[in-house]
Each structure stands twice: as structure tokens, then as C-alpha cells.
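An overview of the molecular structure
Listed here are the chains, written in short residue letters.
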Amino acid sequence: MAAKPFQCLLCNKSYTNKASLVTHERKAHNQNIIVPHCHILFTPLYSSYCHFRGLFIDAIQSRLGSHRATEGKKKVQVHCEENLFYFIFREQETFTFQVSSYKYSCIFKGQVGIKRIGEIF
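Let us look at the structure shown here. (Residues numbered from 1 in each chain as written. Predicted model: local features only at pLDDT ≥ 70, side-chain atom pairs only at ≥ 80, totals over all residues. Heavy atoms only, no water.)

In terms of burial, helix 3 (residues 82-89) is largely enclosed, as six of its eight residues are buried. Of all the positions in helix 3, only Asn83, Leu84, Phe85, Tyr86, Ile88 and Phe89 are classed as buried. Check the buried side of helix 3 and you find it contacts helix 2 (46-64), strand 4 (103-105) and helix 4 (110-120). (Buried < 20%, exposed > 50% of the residue type's maximum accessible area, 1.4 Å probe, protein only. Helix = DSSP H or I, 4+ residues; strand = E, 2+ residues; numbered from the N terminus. Contact = heavy atoms within 4.5 Å.)

Below, the discussion takes up the packing of helix 2 against helix 3. Interaxial distance between helix 2 and helix 3 falls to 11 Å at its minimum, and their mutual angle equals 80°. Considering their axes alone, helix 2 and helix 3 lie roughly perpendicular with respect to each other. From helix 2, Ser48, Tyr49, Phe52 and Phe56 reach across to helix 3, where they touch Leu84, Ile88 and Phe89. Residue classes in the contact of helix 2 with helix 3 are distributed as six nonpolar, one polar and no charged. (Axes fitted to C-alpha atoms, helices over the stretch in contact; angles between N-to-C directions. Parallel < 35°, antiparallel > 145°, perpendicular 65-115°, else oblique. Nonpolar A, V, L, I, M, F, W, Y, C, P; charged D, E, K, R; others polar.)

Looking now at the environment of Lys109. Tracing the sequence through the fold places Lys109 in the loop between strand 4 and helix 4. Separated by 36 residues in sequence, Lys109 and Lys73 have C-alpha atoms that sit 8.5 Å apart.

Geometric descriptors of this kind do not, in isolation, establish any biological role.
Structure, rendered in C-alpha cells:
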């Protein structure tokens, strides 16, 4: 029997390779909001929050633009400290965390998304 060193931290199933673990997480835990290590994340400084807010707003403005030709679905990525992202977005309905890939995500769509971002920042 082959060793299965890649364990899902959410349900304890084990896999022989990382690709299988990632596939499992995508299928079984697609909307995961559990961050197993959240207890070690510290509350970010207010100055870090202010700096991120500026970067986030600049990234949205530059990516979305104001021309009709730029309408449609856009992806905006802003890199920041893990604890900052977690504490800002963890209570949003679309917050997810992919454990094996260590990726956070939070999606905002349409006018409701624009309004929600305004409320957060």
C-alpha cells in the first residue's frame, strides 16, 4: 500500500500526491471558510489597514477604469499581509481559503459588490 503523505486539514483524508489533495479540496471544500491557523494571526495595525485601503482602491480604479470598453468581469489582485486580508474579509459571504494552496479569496460582484467594498473601507 502506497504512503499518503498529503493530508486534508479539513477532513483528514489522505492522498498520495498534492495534485490529488488540491482536486479533493476544490470538489469537497470549494467554499471553505475555515483557516486552521487563524489562532496565530494577529490583529493588524491601523496604519497597515490604511495603507492597504489605499493600495486596494488604487488597484480597483486602475484595473476597472472609467471607459465603457472596460466593462465586464475584471479580476483585481492586491498582495498584502495574511493577517490583514483575513481580518478585513473573513466575515464576507464570498471569503474562502484553499488550505493546500494557501490561497485566500473574496469576490465582489456588481453594484452590490461596489456598495459592500465601500462599507468595508
